[in-house]
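# Analysis of the macromolecular model
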Amino acid sequence: GYNYLKIEIDKKKVIIKYFGLAPINKQYKAFQFKSTEFKDYQIEKKAFGLIQTLIVFRSDRGEIYKYPGVNINALNKTDKEQLIKALDLLKKINT
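What comes next concerns the included structure. (Residues numbered from 1 in each chain as written. Predicted model: local features only at pLDDT ≥ 70, side-chain atom pairs only at ≥ 80, totals over all residues. Heavy atoms only, no water.)

## Observations regarding the overall build of the protein chain
What counts here: Counting from the N terminus, the helices are DSSP H or I runs at least four residues long and the strands are E runs at least two residues long. Burial classification: accessible surface area is computed with a 1.4 Å probe over protein chains only, and a residue below 20% of its type maximum counts as buried, one above 50% as exposed, and the rest as partly exposed. For this analysis, residues touch if any pair of their heavy atoms sits within 4.5 Å. Note that accessible areas follow from Shrake-Rupley with a 1.4 Å probe, and for residues the cover is restricted to the protein chains shown.
Along the backbone of the protein chain there are one helix and seven strands. Taking the principal axes of its C-alpha atoms as reference, the protein chain extends roughly 40 × 25 × 20 Å. Classification of the 95 residues of the protein chain by burial places 32% in the buried group. For the protein chain, the proportion of contacts with a sequence separation of at least 24, taken over those separated by at least 6, is 31%. Looking at the protein chain as shown, the accessible area adds up to about 6,700 Å², and 53% of this sits on carbon and sulfur atoms.

## Comments concerning the layout of surface pockets
Spelled out, the test is: Put plainly, a pocket is an open set of points on a 1 Å grid over the protein atoms alone with protein on both sides within 12 Å along at least five of seven lines, a cavity is a set where a 1.4 Å probe fits but cannot get out, and a lining residue has an atom within 4 Å of a point. Grid points are joined across faces, edges and corners, and a volume is the space filled by probe spheres set on the points. Gly is put with the polar residues, along with every residue not named as nonpolar or charged; the nonpolar set is Ala, Val, Leu, Ile, Met, Phe, Trp, Tyr, Cys and Pro, and the charged set is Asp, Glu, Lys and Arg.
One number sums up the size of the largest pocket: a volume of about 160 Å³. Taken together, Leu5, Lys6, Ile7, Ile9, Leu75, Asp79, Gln82, Leu83 and Ala86 make up the lining of the largest pocket. Counting only elements with at least two residues in the lining of the largest pocket, the list comes to β1 (3-9) and α1 (77-94). A breakdown of the residues in the lining of the largest pocket according to their chemical character gives six nonpolar, one polar and two charged.

What follows is the structure, encoded as structure tokens:
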């Protein structure tokens, strides 16, 4: 289902906060890490591209950690493009 989604990316940290909008899925979730630990991301498309999920990877002490997928269907085209642009830039900086 759809999530309320707030993503903050700056020089110091990456914060992703979200919760489901369906009445039965109101659990609030968040994760945060240093911007320098950002490694990569993927946008998985399922159900013929109708469901899009953001998956973020971070690197810490030589280990790669995969965070749970976050549904990004509620983002409009402009917001999704800005998110991808920011994540691509952060990935490039950290490479």
